[in-house]
Each structure stands twice: as structure tokens, then as C-alpha cells.
Amino acid sequence: MTAEPWGSVEEAAKHLGVAKDSVYRWIEQKGLPAHRMGRLWKLKISEVDEWVRQGGAAADSTPLAHGKTARAGSHDGGAT
């Protein structure tokens, strides 16, 4: 059995279908499991998947104009 390789933030973002900025924000604010190696963040995709299954991204909300709120997975027309 081979060990799961470490992935980059870009790979995690592509896997989840979100912007890299969302991944960085989730690492810093929502406890997305990641490990800093020098200047780079590395992740195990299996850990990312488990975090999502446990609702890690579901609680994410971002203020929008006019008092509305964007939820993770929604599209507000802007960068995430």
C-alpha cells in the first residue's frame, strides 16, 4: 500500500471546485486540515473530503452587498 501524496492548495481547490482563496480562507478560519511546509500549504485530499463531509465548509458565509449572505457553493458573480 502506498502513502497518499500531499497535494497543493491549487489541487485541493480544483478537487472541490472552488477558488484557491476559499481554500486559504478555510484553512485560516474554518480549520481545514492542512500543514505548512515552508511557505507552502499541503493537504491530504482524503482529509479534505472528510472535513467537507463533517460540514466544515457548510458553515462558511461571506457578507455581500445589501445585507445578503453567500453560502459555500453559491455563486455571487464575484471571486470567492
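The structure under discussion appears in the preceding block.
The notes below deal with the structure included here. (Residues numbered from 1 in each chain as written. Predicted model: local features only at pLDDT ≥ 70, side-chain atom pairs only at ≥ 80, totals over all residues. Heavy atoms only, no water.)

Concerning the environment of P33
Inspection of the secondary structure assignment puts P33 in the loop between α2 (20-30) and β2 (35-37). Using a relative accessible area of 23% as the deciding quantity, one classes P33 as partly exposed. The sequence separation of P33 and L43 amounts to 10 residues, and the corresponding C-alpha distance is 6.8 Å. Contacts of P33, omitting those with residues within four sequence positions, involve L43, E47, V48 and W51. (Helix = DSSP H or I, 4+ residues; strand = E, 2+ residues; numbered from the N terminus. Buried < 20%, exposed > 50% of the residue type's maximum accessible area, 1.4 Å probe, protein only. Contact = heavy atoms within 4.5 Å.)

Examining the pairing of strand β3 (residues 40-43)
Summarising the sheet, strand β1 (residues 7-8) and β3 pair through 2 bridges and their orientation is antiparallel. Residue S8 lies in a different strand from β3, and its bridge partner there is K42. The antiparallel hairpin formed by β2 and β3 contains 2 residues in its connecting segment, where G38 sits at a positive phi of about 70°. (Pairing = 2+ DSSP bridges.)

Looking at the pattern of salt bridges
Applying the stated rule across the entire model yields 1 salt bridge. Among the salt bridges present, the one from E50 reaches R53, with a minimum N-O distance of 3.4 Å. Taken together, the residues span about one helical turn, with E50 and R53 both in helix α3 (residues 45-53) at a distance of 3 residues. A relative accessible area of 62% places R53 in the exposed class. (Salt bridge = Lys/Arg side-chain N within 4 Å of Asp/Glu carboxyl O.)

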